[in-house]
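# Secondary and tertiary structure notes
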Amino acid sequence: MNDSPWGAPPHAGYWGPSDRGPVQRAAPAGPTYDAHDAQQTRPMPIVPDVSAHGGDQDDDRGAARLSGPLFRDESPSAPTYGAVPQNPEPMHDAPHPAPAPQKKSAGRDLGAAIGVGVGLGAVILASLFIVKAVFVGVVAVAVVVGLWELTKRLQERKGIHAPLVPLAVGGAAMVVAGYVRGAEGAWMAMALTALAVLVWRMTEPPENYLKDVTAGVFAAFYVPFLATFVAMMLTAQDGPQRVFMFLLLTVVSDTGAYAVGWRFGRHKLAPRISPGKTREGLVGAVSFAMAAGALCMQFLIDDGTWWQGLLVGLAVAASATLGDLGESMIKRDLGIKDMGTLLPGHGGIMDRLDSLLPTAPVVWLLLVLFVGSG
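Everything numeric here is computed off the predicted structure, so don't read it as measured data.

The subject of this paragraph is the confidence of the model for the protein. Averaged over all residues, the pLDDT of the protein is 79; the fraction at 70 or higher stands at 70%. When the elements of the protein are averaged for pLDDT, helix α1 (residues 35-40) gives the smallest value, 45, and helix α5 (residues 209-234) the largest, 97. Low confidence marks residues 1-42, where pLDDT is under 50. Its contacts with residues over four positions away, or in another chain, come to 39 contacts. Below a pLDDT of 50 lies the segment residues 47-85, which in the model reaches 40 contacts outside its immediate sequence neighbourhood of four places, other chains included.

Where α5 contacts helix α6 (residues 239-264), the two axes come as close as 7 Å, and the packing angle between them is 140 degrees. In this view, α5 runs oblique relative to α6, as classed from their interaxial angle. Contact residues: Val230, Met233 and Leu234 in α5; Gly239, Pro240, Arg242, Val243 and Phe246 in α6. Residues belonging to the contact of α5 with α6 are distributed by class as follows: six nonpolar, one polar and one charged.

Here we take up a nonpolar patch on the surface. On the surface, Met188, Leu192, Leu195, Leu198 and Val199 cluster together into a nonpolar patch covering about 460 Å² of accessible area. Here leucine 192 is to be found in helix α4 (residues 164-201).

Secondary-structure assignment places valine 180 in helix α4. The spacing of valine 180 and alanine 231 is 51 residues in sequence and 8.7 Å in space, taken between C-alpha atoms.

This part takes up the pattern of salt bridges. Inspection of the entire model under this criterion finds seven salt bridges. Residue aspartate 324 pairs with lysine 277 through a salt bridge whose shortest N-O separation is 3.2 Å. Of this pair, aspartate 324 sits in helix α8 (residues 306-334) while lysine 277 sits in strand β2 (residues 274-278), and the two are 47 residues apart along the sequence. By relative accessible area, which is 19% here, aspartate 324 ends up buried. Members of the salt-bridge network, linked through shared partners, are Arg201, Glu204 and Asp212.

This brings us to the nonpolar core. Ranked by internal contacts, the top residues of the largest apolar core, which has 60 residues, are Val243 and Phe246. Element by element, the count of residues in this core is highest for α5, at 15 residues. Excluding residues within four positions of it along the chain, phenylalanine 246 makes contact with Val230, Met233, Leu356, Thr359, Ala360 and Val363.

Conventions we followed
- Residues numbered from 1 in each chain as written.
- Predicted model: local features only at pLDDT ≥ 70, side-chain atom pairs only at ≥ 80, totals over all residues.
- Heavy atoms only, no water.
- pLDDT = per-residue confidence, 0-100.
- Helix = DSSP H or I, 4+ residues; strand = E, 2+ residues; numbered from the N terminus.
- Contact = heavy atoms within 4.5 Å.
- Axes fitted to C-alpha atoms, helices over the stretch in contact; angles between N-to-C directions.
- Parallel < 35°, antiparallel > 145°, perpendicular 65-115°, else oblique.
- Nonpolar A, V, L, I, M, F, W, Y, C, P; charged D, E, K, R; others polar.
- Patch = residues over 30% accessible without salt bridge, like charges linked within 9 Å, V, L, I, M, F, W, Y side chains within 5 Å.
- Areas by Shrake-Rupley, 256 points an atom, 1.4 Å probe, with all protein chains shown as cover.
- Salt bridge = Lys/Arg side-chain N within 4 Å of Asp/Glu carboxyl O.
- Buried < 20%, exposed > 50% of the residue type's maximum accessible area, 1.4 Å probe, protein only.
- Core = buried A, V, L, I, M, F, W, Y, C linked by side-chain atoms within 4.5 Å.

Right, dumping it as structure tokens:
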């Protein structure tokens, strides 16, 4: 407890009225003074009100909350008012048991998160290596659900009505166009989706038109357009291996950041955006992703070499971290923890796409530069 005058001996003088009689003053010197009167007139220390800032905080905005004796060597229960204590015994500091160590918690249902993650992984891998068109359909469904979550949260928290119908139709078409026609088809579908958003919103009153269509165009670029690079990776001869490498490196990066940050994290990476992320976690993400990238490029990708995998892993760790921080900024602006509740232990679809979406064009571009479009 900090030093304060609250525990100092009482000063002589007026201490206020008492319910035991008239106002008492300091005991006069002389034979008329006895211990009984002294005990009755002993004032209790004045405890100030708790600070308006909360009481238990560690800053200097207010005093700590008081809920017992001012010092540890004071008795927790005062003697009966007016009684003279007989044969007082010296008070000693009572031994305080050491507080039990706090266990770190992941903050989510780990069992549910693992179960959902394994289930999603099985669906993705089965569709990826059996029928490519089915995997494209899985990506399109994920895009539509992600758009629904994003536009729903924008409407609930900010009153922004981004038109979902043209976004959903254009987003699914964008993914298919990227798979069938490559980058040219993806850009064409993106332009048509933006135009459809502008026209669709014209059917409603003009108030907030600019805000709504701006959010709609942002959603079209953020979710389906970035996802088209996954479909474009799939068009190569070793397309399934490229997509698998992209997914694996992103997951490994997130896992490395979580494992190292949970165990060794001390220094915050971006406390105003995502307080749970640490610099140590970023080092873990980079290390894990670079090691996995070297192995994947050497053994999975045609004509790939291990040093190229180191660069891909480094780029994946950077883009995945920035993508995670980017969605954290959006969620903080909206005042929400998760974009949805569709996936137990994970949140919503958008909470799983946050690292994948900005990483897809990075991996696609590096693979094209290193080993060609295939």
